[in-house]
Amino acid sequence: GYHVTVSATYKAETCAHTYSHWTYMDPGGHYQTCTSCGDFNYDDHTFTDWTDNNDGTHTMTCSACGASETEAHTLTYTDNEDGATHTAKCSACTYTSEENHTWGDSYSPDESGTTHSRTCPDCGAADTQSHTWSQQELDGAAAALARAWG
């Protein structure tokens, strides 16, 4: 008998890929396709820094496909120690704003009984005032004490 050996060498065709522009695929990334052979690339978004939108939100945009994400500012407040204002600063973008304290209308008496205070719920600043009495209130209190002590 005869023995026959056959060998073959596979040579893949090469494509000088010409990719389309990046297209949004999902919240994590984007893709592009070769216009000649259909080869597919996937890559993560490359977002810019957050930019303030001047409406209480900020946006970041993917520099490759244009996808964007918008979120509300995440604010921290610092008392300006001027008795009237605090500074709000976003932890993600460059937004800052000086704002008036939001005291509310009610004071709480302090343990000493000589002062009352209120607190700004945003920055924690305290506004403490001494009690002030009108002459009429003082006269009424004195008269009530005089009657009680008789």
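Below is a summary of the structure that appears in this document. (Residues numbered from 1 in each chain as written. Predicted model: local features only at pLDDT ≥ 70, side-chain atom pairs only at ≥ 80, totals over all residues. Heavy atoms only, no water.)

### Some points on the sheet that holds strand 4 (residues 51-52)
Thinking step 1. One open sheet holds the three strands; their spatial order is 4-5-6, and the pairing between them is antiparallel. Whereas interior strands pair on both sides, the edge strands pair on one side only; in this sheet they are strand 4 and strand 6 (68-72).
Thinking step 2. With two bridges connecting them, strand 4 and strand 5 (residues 57-61) associate as antiparallel partners. Among the inter-strand pairings, D52 is bridged to a residue of strand 5, identified as H58. (Pairing = 2+ DSSP bridges. Helix = DSSP H or I, 4+ residues; strand = E, 2+ residues; numbered from the N terminus.)

### So, the sheet that holds strand 12 (residues 126-130)
Adjacent strands of a sheet pair through backbone hydrogen bonds, lying either parallel or antiparallel.
Thinking step 1. Spatially, 10-11-12 is the arrangement adopted by the three strands of the open sheet, whose pairing is antiparallel. The open sheet has two edge strands with one neighbour each: strand 10 (108-109) and strand 12.
Thinking step 2. Here two bridges tie strand 10 to strand 11 (residues 115-119), and the two strands are oriented antiparallel to one another. Paired with P109 across the strands is H116, a residue of strand 11.

### Re unusual backbone geometry
As a rule of thumb, non-glycine residues mostly have phi less than zero, and peptide bonds are mostly trans rather than cis.
Thinking step 1. Although it is not a glycine, N54 adopts a positive phi angle of roughly 60°.
Thinking step 2. Within the fold, N54 resides in the loop between strand 4 and strand 5.
Thinking step 3. Since its relative accessible area comes to 70%, N54 is described here as exposed. (Buried < 20%, exposed > 50% of the residue type's maximum accessible area, 1.4 Å probe, protein only.)

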